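This is what each chain is made of:
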Amino acid sequence: MRLNVDHSTVYHFEPPMRGAVQSLRMTPSKFKGQQVIDWGIAVEGAERGAAFRDGAGDWVETATLLGPVAQITVHVTGTVDTVDLGGVLQGHRERMPPAAYLRPSRATKADRALRELAESAVADISEDDPLARAHALTVAIRSAIDYTPGATNHSTTAAEALSLGHGVCQDHSHALIAAALSLNIPARYVTGYLFASEEEGLHEASHAWAELHISGLGWVGFDASNGVCPDDRYIRLGSGGDALEASPIRGVSQGAGVERLDVRVSVDQVQQ
């Protein structure tokens, strides 16, 4: 499938900041499931700095803006060809060992309820079938947390989302990671884009899911919000231990004031 992405992120500062530095993880991953046809990241008024591929295999760029900075606009446009690999991250080069993803963060720390949910989900599945166990965890999380926009915020933890019984893709991903880690399964948070046709209903074009490391397969994606493994409707950007670490845009600004954020994302299929 060929997909077009148009993603605009605008930060407004009142009063203006003295300066800002941003780290951008917004370039599609290099693996067999997707090929970039063209891709551009524009940051108005910024001086582009270092660019490098980190240990997780993600491409990271930096941008610096000198003040006064009243607004920062990050505009991403591009076209990507995608292939359905059943969620398996084939051909992705990274230096981080899977064991590095066994340590939970504040957002992905399992409480008693999450541990019990995970244990119950895999109770009848042999440890010799790790893929089936991962699917069972995904089903359990999806059943326990209803997709409800606005019920949580960026700081909600996996345990809090499970207690509420409501959340969005960030909460589903954090909860799935927490459940997997409680069973000693390496797991991480993934950011990207999702194309959905009108027949498939409403979905956020900017999306997140989890990857679990499965013996014999490697990293495999699981989207608990939609109950599927990522297919050719998905574009993978980058990963991290949780939403904060995997965030496509992370920044530091100099000054004090109020920050407001406007985001517009569209993903469309291109007829080839």
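Data block above holds the structure.
1. Some thoughts on the side chain of Thr138
Move 1: Mapped onto the fold, Thr138 is located in helix H2 (residues 130-144).
Move 2: You can call Thr138 buried: its relative accessible area is 5%.
Move 3: Discounting residues that sit within four places of it in the chain, Thr138 has contacts with Leu176, Phe222, Asp223 and Ala224.

2. Details of the packing of aromatic side chains
Move 1: By the definition in use, this model includes three aromatic pairs.
Move 2: Centroid distance Trp39 to Tyr193: 6.4 Å. Interplanar angle 50°. Geometry classified as tilted. Of the two residues, Trp39 is situated in strand S2 (residues 34-43) and Tyr193 in strand S7 (residues 187-194); the sequence distance between them amounts to 154 residues.
Move 3: Ring geometry for Tyr101 and Trp219: centres 5.3 Å apart, planes at 85°, overall edge-to-face. Of this pair, Tyr101 sits in the loop between strand S4 (59-82) and helix H1 (112-121) while Trp219 sits in strand S9 (residues 218-222); the two residues are 118 residues apart in sequence, bridging distant segments of the chain. Of the two residues examined, Tyr101 and Trp219, each falls in the buried class.
Move 4: Over the ring of Tyr101 we find Arg188, and its NZ or CZ is 5.1 Å from the ring centre.
Move 5: Note that Arg188 overlies the ring of Trp219, its terminal NZ or CZ placed 3.9 Å from the centroid.

3. What about unusual backbone geometry?
Move 1: Following Glu14, the chain continues to Pro15 via a peptide bond in cis, the omega torsion being 0°.
Move 2: With respect to the helices and strands, the residue Pro15 is situated in strand S1 (residues 2-24).
Move 3: The step from Gly67 to Pro68 runs through a cis peptide bond, and the omega angle for that step is 0°.
Move 4: If you trace the backbone, Pro68 turns up in strand S4.
Move 5: Unlike most non-glycine residues, Asn184 shows phi in positive territory, near 65°.
Move 6: Its place among the elements puts Asn184 in the loop between helix H4 (169-182) and S7.

4. Topic: the sheet that holds strand S8 (residues 206-214)
Move 1: With antiparallel pairing, four strands are arranged side by side in an open sheet as S9-S8-S7-S10. Of all strands in the sheet, those bounded by a partner on one side alone are S9 and strand S10 (234-240). Within this sheet the neighbouring strands show an average axis-to-axis angle of 35°, counted without direction.
Move 2: Relative to S9, S8 runs antiparallel, the two sharing five bridges. For Ile214, the partnering residue across the bridge sits in S9 and is Gly218.
Move 3: Relative to S8, H2 is tilted by about 145°, and along the sheet it contacts S8 and S9.
Move 4: Its contacts with the sheet place H4 against S7, S8 and S9, and it is angled at close to 10° to S8.

Calculation rules
Residues numbered from 1 in each chain as written. Predicted model: local features only at pLDDT ≥ 70, side-chain atom pairs only at ≥ 80, totals over all residues. Heavy atoms only, no water. Helix = DSSP H or I, 4+ residues; strand = E, 2+ residues; numbered from the N terminus. Buried < 20%, exposed > 50% of the residue type's maximum accessible area, 1.4 Å probe, protein only. Contact = heavy atoms within 4.5 Å. Phe/Tyr/Trp six-rings, centres within 6.5 Å; stacked < 30°, edge-to-face > 60°. Lys NZ or Arg CZ within 6 Å of the ring centre and 35° of its normal. Pairing = 2+ DSSP bridges. Axes fitted to C-alpha atoms, helices over the stretch in contact; angles between N-to-C directions.

Interpretation in functional terms is not warranted from these geometric data alone.
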